[in-house]
Amino acid sequence: MFSKILIANRGEIAVRIIKTCRRMGIRTVQVYSEADAGSLAVEMADETVLIGPAPAAQSYLLQDRIVDAVRQTGAEAVHPGFGFLSENASFARRLEAEGITFIGPNPHAIEAMGDKITSKKFAAEAGVSTVPGHMGLIETTEEAVKIANQIGYPVMIKASAGGGGKGIRVAHGDDDMAEGFAAVKAEALNAFGDDRVFLEKFIIDPRHIEIQVLGDKHGNVVHLFERECSIQRRNQKVIEEAPSPLLDPETRAAMGAQAVALAKAVNYDSAGTVEFVAGQDKSFFFLEMNTRLQVEHPVTELITGVDLVEQMIRSAWGETLAFGQDDLAINGWAIESRIYAEDPYRGFLPSIGRLVRYEQPEEGEHEDGYVVRNDSGVREGDEISMFYDPMIAKLCAWGPTRDEALTGMARALEDTHLQGVGHNIPFLSAVMDQPRFRSGNISTSYIKDEFPDGFHGLRPDARQTQIMIAAAVAMNEIVAEQAGDPSDRTDWVVLIENGKGPGAPHGVDLSYDADEALLLAFTGGGHARLTEIDWRPGLAQFRAELDGEPFTAEVSRVADGYLIRHRAAKARVRVLTPHMAELYARLPEKIAADTSKLIASPMPGLVVSIPVTVGQEVKAGETVAIIEAMKMQNILKAERDGVVKAVSAAAGDPVAADDVLVEFV
């Protein structure tokens, strides 16, 4: 077995690989850019090598730097993780020529399957069902529009070398195609160094289902069942689960057999994923093959007990698979939530900055029977950089059934606290609580269908209202006691304001039972018992049990109350005397400032272009600025007709969130 492996990646996947190498007794070398000098992966590795400045094109994508680091440290093999050089056949060949083992598939398999145009042609020749489209290279926008009309809208524009949801647009007409084609080519060239683009028919109301395959160098290939990856935003997977709630045993077996046959056709010899687009009627079409480890691999590991990173290492060493298809079975259900540094309340725009607080849920088995796993590459105090993917963690939960796994995930999200950057935990929590998602009736348009106007949080339901009241009253009592000034008042009025005014008043009478549990009697009817309270001033999470059910709420003190978030419901909560509540009801509502004449940068990033000039007439829907952040181009459009009064930035300028770019008369 290898004695030393170099990891040509960063972040959570580097940490993930290090953990398996430690368990196998293999030393690790971590390469890093200047931006990652203090990262968790660098801290955990046995050896480290600086390979360049922060931009990936000057560090993680430079083959010479990686090879030099291997030579410098005496590593015998390179694990590329995912992204960067993981699906680069020339890199695999370079390592082979240098006598260094590439922990991944052979270069022929990468070329045959890793390139999306070539893979579709190969799959069609092998008799695999594929989505209708144009697999040839397209050079001009005019040619793209012409081909799209031949295929029939809607059409998906995809970068041939793409991955991770980058370099993809859906066009519903000629204007979309003209704009999207140029944007995809630019994103592809920037992210992958390859601007080739192809088109394919966009399947209406599809599901995204993928099959995990695993092969060795002796011709053996198995599949480890499927993952449902339909919850996506901008073609980026957000929530994944295994198995899929759509598939029956017959469809699962058919998809698995097709994936294995395709892998065997190219002598596949590592972990890889065959992706399918599936109809709600269980029909399926080959989409592409990712010739690497997938981001969402933990859910497969949780339902099969197979460590995919270990199997990749053993395959690269030349070992024969220690199990066959009949040895594999699905055990329980697993779900993964990708926690991103992005602000769901501002259109999921990227958020950068320092993780001032990062409290993670306890990993392992919990009393309620669910299991938590958290793959993260950052710690409290780390910086989320604009140069890389904004993922903070992959939070996973396993349960004996889907319902139990979802319940475990919802609790794990409650137990995760982030401060310092925007994050999507409230949105993930909202999905977990939605009846449609829990029913399994999902598709890749789920987020757009369920949140057509964006995400603005959810109103607290009846139980969440009681949680907020109970938590606020309990904190109010604790603060008064610690200040040495308990009021001994038993009647309070609680106002819950969630952005829609002060809210209806909730009258509450307090008392304590013999076990010092807090008893709440609501004047509108009903009672609640709060026990196992775990909070003191300064803590960002309030933990307790309400009527025997545990919960965790995110809390912070403000001048006249508390900010409380439970899952997707967030509110300002005030605990007032009846007289003070009457006065609050008379306060006028604040009027928001008029910003309709301003186009501001919604996130920190770099200006790609501002295609408007002072005095120019602009129509609603026209592009006024393009901002690049975290390897994605974000197109800002005018929301109304107007005349440009001022342009405050130019191509190449760095901008912060809310910086004004264009002002209208």
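The structure presented is a predicted model; accordingly, all values stated were derived computationally and were not measured.

Colleague: Can you help me understand the nonpolar core in this one?
Modeller: Nonpolar side chains in soluble globular proteins tend to end up buried together. Among the nonpolar cores identified, the biggest contains 37 residues, and I239, I392, M432 and F437 are the most heavily contacted of them. At the level of elements, strand 12 (236-242), strand 15 (333-340), strand 23 (391-399), helix 12 (402-414), helix 13 (425-433) and helix 15 (446-450) are the ones that each hand at least two residues to this core. With six residues, helix 13 is the single largest residue contributor to this core. For I392, the residues in contact, after removing those within four places along its chain, are I339, Y340, A341, L355, Y358, S376, G377, V378, I384, L418 and V421. Core analysis: the next-biggest nonpolar cluster, separate from the first, contains 36 residues, I26, L40, F82 and Y340 among them.

Colleague: Looking at this structure, how should I read the packing of helix 5 (residues 107-114) against helix 6 (residues 116-125)?
Modeller: Each pair of packed helices gets described by two things: the angle between the helix axes and the distance between those axes. Where helix 5 contacts helix 6, the two axes come as close as 5 Å, and the packing angle between them is 90°. It follows that helix 5 is roughly perpendicular to helix 6 by the angle criterion. Residues E111, A112, M113 and G114 of helix 5 touch helix 6, and the partners they reach there are K116, T118, S119 and F122. Counted by class, the contact of helix 5 with helix 6 contains three nonpolar, three polar and two charged residues.

Colleague: Whenever I open this one, the sheet that holds strand 34 (residues 605-609) confuses me. Can you help?
Modeller: Adjacent strands of a sheet pair through backbone hydrogen bonds, lying either parallel or antiparallel. Judged by pairing direction, the sheet is antiparallel, and its four strands sit side by side in the order 37-36-34-39 without closing on themselves. Two strands bound the open sheet, and with one partner strand each, they are strand 37 (632-637) and strand 39 (654-655). Helix 8 (residues 174-192) contacts strand 36 (623-629) and strand 37 of the sheet and is inclined by roughly 150° relative to strand 37.

Colleague: Please clarify how helix 4 (residues 89-97) should be interpreted in this entry.
Modeller: Residues that lie three or four places apart on an α-helix share one face, since the helix turns once every 3.6 residues. Of the positions making up helix 4, those classed as buried are A89, F91, A92 and L95. Projection of helix 4 onto a plane perpendicular to its axis shows the buried side chains occupying an angular sector of 165°, all on one side. Its buried side turned inward, helix 4 meets helix 3 (63-73), strand 4 (77-79), strand 5 (101-102) and helix 5. Looking at the residues trailing helix 4, positive phi occurs at G99, about 75°.

Colleague: I would appreciate a short explanation of the pairing of strand 38 (residues 642-647) in the present structure.
Modeller: In summary, the side chains of a regular strand alternate between the two faces of the sheet. Summarising the sheet, strand 35 (residues 617-618) and strand 38 pair through two bridges and their orientation is antiparallel. Residue E617 lies in a different strand from strand 38, and its bridge partner there is V643. In this structure, strand 38 lies alongside strand 40 (residues 660-664), joined through three bridges in antiparallel fashion. From the neighbouring strand, V647 faces strand 40, where its bridge partner is V662.

Colleague: What should I look at first to understand the side chain of Q63 in this one?
Modeller: Along the polypeptide, Q63 turns up in helix 3. The exposure class assigned to Q63 is buried, which follows from its relative accessible area of 17%. Leave out the neighbours within four places in its chain, and Q63 touches L85, N88, S90, F91 and R94.

Colleague: Would you take a moment to explain empty space enclosed by the protein for this structure?
Modeller: In this approach, a probe sized like a water molecule rolls over the atoms, and the result shows the empty space that is left. Tallied over the entire structure, the rule returns one cavity of 30 Å³ or more. In this structure, the largest cavity encloses a volume near 40 Å³. If you trace the largest cavity, you find it lined by N9, R10, G11, Q30, V31, Y32, D36, S39, A41, V42 and Y60. Going through the elements one at a time, strand 2 (27-33) and helix 2 (40-44) are the ones with two or more residues in the lining of the largest cavity. For the lining of the largest cavity, the element with the most residues is strand 2, which contributes three residues. Along the lines of polarity and charge, the residues of the lining of the largest cavity split into five nonpolar, four polar and two charged.

Thresholds, definitions, all that
Residues numbered from 1 in each chain as written. Predicted model: local features only at pLDDT ≥ 70, side-chain atom pairs only at ≥ 80, totals over all residues. Heavy atoms only, no water. Core = buried A, V, L, I, M, F, W, Y, C linked by side-chain atoms within 4.5 Å. Buried < 20%, exposed > 50% of the residue type's maximum accessible area, 1.4 Å probe, protein only. Helix = DSSP H or I, 4+ residues; strand = E, 2+ residues; numbered from the N terminus. Contact = heavy atoms within 4.5 Å. Axes fitted to C-alpha atoms, helices over the stretch in contact; angles between N-to-C directions. Parallel < 35°, antiparallel > 145°, perpendicular 65-115°, else oblique. Nonpolar A, V, L, I, M, F, W, Y, C, P; charged D, E, K, R; others polar. Pairing = 2+ DSSP bridges. Arc of directions from axis to C-beta. 1 Å grid on protein atoms, 1.4 Å probe; cavity = no way out; pocket = protein on both sides within 12 Å on 5 of 7 lines; lining within 4 Å. Points joined across faces, edges and corners; volume = space filled by probe spheres on them.

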